[in-house]
Amino acid sequence: MHTSWDAEEVAATAFFELWRRRDKVRIVDGSVLPWLLATTSFAAKNSLRSRRRYQRLLHRIPHDEDVADHADEVARAMDSLKISESVREALRQLNPREASVVILCIIHELPLAEAAVVLGVPEGTVKSRLSRVKARLRGELHEYAPRPEEANA
């Protein structure tokens, strides 16, 4: 695994499979641990294979210039930040398209037009995704909203 987020994704996949297949899970000596370990191993291998396939695809795409992938840098930065668990959980709930827009437009402060080029979608799509994500996060993280006296400062 490259980051703690990757490890969390694999663990979440294993526990989801445990829940989804709870009627068919093989229990050994009263424990699901052997099944869970095997499933986690398969999920990790699938994740690595998926990452390699994705990297091969990226290398086949013609580029005018090399653009660094900032995903690992963002993951390391997020891991090192001391943010509250509610913020972290709200960010984990984002689907990959929403997360990409947040990373590019909010964390890296790319203009909408540049984010659209990176994502390969129209600028309006980036704008609408960003608007929806901000509205959802605003609702989920209302405790972090500025107080009226802070907003007018």
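Model, not experiment: these values are computed from the prediction.

A. Representation of the side chain of Thr39. Topologically, Thr39 is positioned in helix α2 (residues 33–60). Only 2.9 Å separates the side chain of Thr39 from the backbone oxygen of Trp35, close enough to count as a polar contact. Setting aside chain neighbours within four positions, we find Thr39 in contact with Ala14 and Glu17.

B. Looking closely at the confidence of the model for the chain. Of all residues in the chain, 84% have pLDDT values of 70 or greater, and the mean over the chain is 81. Here helix α8 (residues 148–151) is the element of the chain with the lowest mean pLDDT, 64, and helix α7 (residues 123–140) is the one with the highest, 90.

C. Representation of the environment of Leu18 within the structure. Mapped onto the elements, Leu18 comes out in helix α1 (residues 4–20). Distance in space between the C-alpha atoms of Leu18 and Thr39 is 8.4 Å, their sequence separation being 21 residues. The contacts of Leu18, once residues within four sequence positions are left out, are Val25, Val32, Trp35 and Leu36.

D. Summary view of the packing of aromatic side chains. The tally for this structure, following the rule as stated, stands at 0 aromatic pairs. One Lys or Arg, Arg22, reaches over the ring of Trp19 and ends 4.0 Å from the middle of that ring.

E. A look at the pattern of salt bridges. Tallied over the entire structure, the rule returns 6 salt bridges. Among the salt bridges present, the one from Glu8 reaches Arg92, with a minimum N-O distance of 3.0 Å. One end of the pair, Glu8, is in helix α1; the other, Arg92, is in helix α4 (residues 85–92), and 84 residues separate them in sequence. Relative accessible area serves as the criterion here: at 32%, Glu8 is assigned to the partly exposed category. Classification of Arg92 as partly exposed rests on a relative accessible area of 33%. Taking the shortest distance from any N to any O, the salt bridge between Arg136 and Glu98 comes out at 3.0 Å. Here the residue Arg136 occupies a position in helix α7, and Glu98 occupies one in helix α5 (residues 96–107), the gap between them amounting to 38 residues. Judged by relative accessible area, which is 13%, Glu98 ranks as buried. Via salt bridges that share partners, Glu17, Arg20 and Arg21 belong to a single interconnected network.

F. Expanded view of the packing of α5 against helix α6 (residues 112–119). Between α5 and α6, whose axes approach to 10 Å, the crossing angle comes to 140 degrees. As summarised for this structure, α5 and α6 are arranged oblique, according to the angle between their axes. Considering only the axes of α5 and α6, their crossing is right-handed. Where α5 approaches α6, its residues Ser100, Val101, Leu104 and Cys105 are matched on the opposing element by Leu112, Ala115, Val118 and Leu119. Classifying every residue of the contact of α5 with α6 by side-chain character gives 7 nonpolar, 1 polar and no charged.

G. Examining the side chain of Asp6 more closely. Here Asp6 is to be found in helix α1. Within polar-contact distance, the side chain of Asp6 engages the side chain of Arg51 at 2.8 Å.

The rules behind these values
Residues numbered from 1 in each chain as written. Predicted model: local features only at pLDDT ≥ 70, side-chain atom pairs only at ≥ 80, totals over all residues. Heavy atoms only, no water. Helix = DSSP H or I, 4+ residues; strand = E, 2+ residues; numbered from the N terminus. Polar contact = N/O pair within 3.5 Å; in protein donor to acceptor, adjacent residues only side chain to side chain. Contact = heavy atoms within 4.5 Å. pLDDT = per-residue confidence, 0-100. Phe/Tyr/Trp six-rings, centres within 6.5 Å; stacked < 30°, edge-to-face > 60°. Lys NZ or Arg CZ within 6 Å of the ring centre and 35° of its normal. Salt bridge = Lys/Arg side-chain N within 4 Å of Asp/Glu carboxyl O. Buried < 20%, exposed > 50% of the residue type's maximum accessible area, 1.4 Å probe, protein only. Axes fitted to C-alpha atoms, helices over the stretch in contact; angles between N-to-C directions. Parallel < 35°, antiparallel > 145°, perpendicular 65-115°, else oblique. Left-handed = near helix turned anticlockwise from the far one by under 90°. Nonpolar A, V, L, I, M, F, W, Y, C, P; charged D, E, K, R; others polar.

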